[in-house]
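A structural walkthrough
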Amino acid sequence: ETGVTQTPRHLVMGMTNKKSLKCEQHLGHNAMYWYKQSAKKPLELMFVYSLEERVENNSVPSRFSPECPNSSHLFLHLHTLQPEDSALYLCASSLAGTAYNEQFFGPGTRLTVL
Amino acid sequence: GDSVTQMEGPVTLSEEAFLTINCTYTATGYPSLFWYVQYPGEGLQLLLKATKADDKGSNKGFEATYRKETTSFHLEKGSVQVSDSAVYFCALSPPGGGNKLTFGTGTQLKVEL
């Protein structure tokens, strides 16, 4: 595997389900990000982990819970979601401490909440 | 705070036409500037970047020049192809890097035969 991978690519869940999204980066990076991409809206930064510590949480509802067990893996745990949470969830990684923040993205997980 | 403004789409062109997608930014100092492309059903891919004023980023026939005086980073291509149909995002990173990348809203490009 190369680059940034995400699983699953598609997920359909009910409002009472619990599921997790997984992201893995194979680039030797030490910062990882979750973004939400909804139709007709700008890309929304949800969480940032740098050196395995959460450094940013942009007022995301508690039904989204991130986990970063090591610098290569990032999870987004989902529970009791709402239909408006349906979106494309993108993971990205970068090398923290560089002069510019070049981020590499995964293909995304298309989430549908029924 | 930092912001990026892109022209609204969709932009529809015929194959081999000239492309310009405008991008202007608001930021303090000298940010790094990026263009990302998102093909249907995929994530964002870095297309090109420029890290200082007057730098020209280029890749796959696309070019963009960092213009500090007009705070712009317009994307151009001399002859588009159907395979260039995608959504293009302009983005900036503040001076010194940091963890935040500020994106524009994206511009959809449709290229027809």
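Definitions and cut-offs
- Residues numbered from 1 in each chain as written.
- Chains lettered and ligands numbered in written order.
- Predicted model: local features only at pLDDT ≥ 70, side-chain atom pairs only at ≥ 80, totals over all residues.
- Heavy atoms only, no water.
- Pairing = 2+ DSSP bridges.
- Helix = DSSP H or I, 4+ residues; strand = E, 2+ residues; numbered from the N terminus.
- Axes fitted to C-alpha atoms, helices over the stretch in contact; angles between N-to-C directions.
- Contact = heavy atoms within 4.5 Å.
- Buried area = accessible area lost by both parts, 1.4 Å probe.
- Salt bridge = Lys/Arg side-chain N within 4 Å of Asp/Glu carboxyl O.
- Polar contact = N/O pair within 3.5 Å; in protein donor to acceptor, adjacent residues only side chain to side chain.
- Buried < 20%, exposed > 50% of the residue type's maximum accessible area, 1.4 Å probe, protein only.
- Phe/Tyr/Trp six-rings, centres within 6.5 Å; stacked < 30°, edge-to-face > 60°.
- 1 Å grid on protein atoms, 1.4 Å probe; cavity = no way out; pocket = protein on both sides within 12 Å on 5 of 7 lines; lining within 4 Å.
- Points joined across faces, edges and corners; volume = space filled by probe spheres on them.

Re the sheet that holds strand E1 (residues 4-7) of chain A
Sheet strands pair by backbone hydrogen bonding; their relative direction is either parallel or antiparallel. Residue and element names in this part refer to chain A. The sheet built from 4 strands is open, its strands ordered E1-E3-E8-E7 with antiparallel pairing. Two strands in the sheet have a free side with no partner beyond their single neighbour: E1 and strand E7 (64-70). The average undirected angle you get between the axes of adjacent strands in this sheet is 20°. Strand direction decides the pairing type here: strand E3 (residues 18-25) and strand E8 (residues 73-79), joined by 7 bridges, are antiparallel. The residue bridging Leu21 from the neighbouring strand is Leu76, located in E8.

Quick notes on the interface of chain A and chain B
A common way to report how large an interface is uses the accessible area buried once the components associate. The partner chain B presents 21 residues to the 21 residues of chain A that form the contact. Its largest share of buried area at the contact with chain B, chain A owes to Tyr100, Asn101 and Phe105 of chain A, together 30% of the area lost on that side. In this structure, the connection of chain A to chain B is made through 1 salt bridge. Our count for the contact surface shared by chain A and chain B stands at 5 residue pairs in polar contact (both at pLDDT 80 or more). Where the side of chain A that touches chain B is concerned, the elements lending two or more residues are strand E4 (31-37), strand E5 (44-50), strand E6 (53-57) and strand E9 (87-94) of chain A.

As for the pattern of salt bridges
Residue and element names in this part refer to chain A. Taken as a whole and judged by the stated rule, the model has 5 salt bridges over all chains. One salt bridge in this structure joins Arg63 and Asp85, with 2.7 Å as the shortest N-O distance. In this pair, Arg63 sits in the loop between E6 and E7 while Asp85 sits in the loop between E8 and E9, placing the two residues 22 residues apart along the sequence. Each of the two residues, Arg63 as well as Asp85, counts as buried.

Overview of the packing of aromatic side chains
Residue and element names in this part refer to chain B. In this structure the tally under the stated criterion is 11 aromatic pairs over all chains. Taking 6.2 Å as the distance between ring centres and 40° as the angle between the ring planes, the aromatic pair formed by Phe34 and Tyr36 counts as tilted. We note that Phe34, like Tyr36, is buried. Consider the rings of Tyr36 and Phe103, whose centres lie 5.7 Å apart with planes at 55°: the pair is tilted. In this pair, Tyr36 is assigned in strand E5 (residues 32-38) and Phe103 in strand E11 (residues 102-103), connecting sequence segments 67 residues apart.

Some thoughts on the layout of surface pockets
Taken as a whole, the largest pocket spans an internal volume of roughly 740 Å³. Along its surface, the largest pocket is lined by 26 residues, and Gln37, Ala39 and Lys40 of chain A together with Val87 and Gln108 of chain B are the ones closest to its centre. Those elements that provide at least two residues to the lining of the largest pocket are strand E10 (86-93) and strand E12 (107-112) of chain B. Per-element tally for the lining of the largest pocket: the top contributor is E12 of chain B, with 4 residues.

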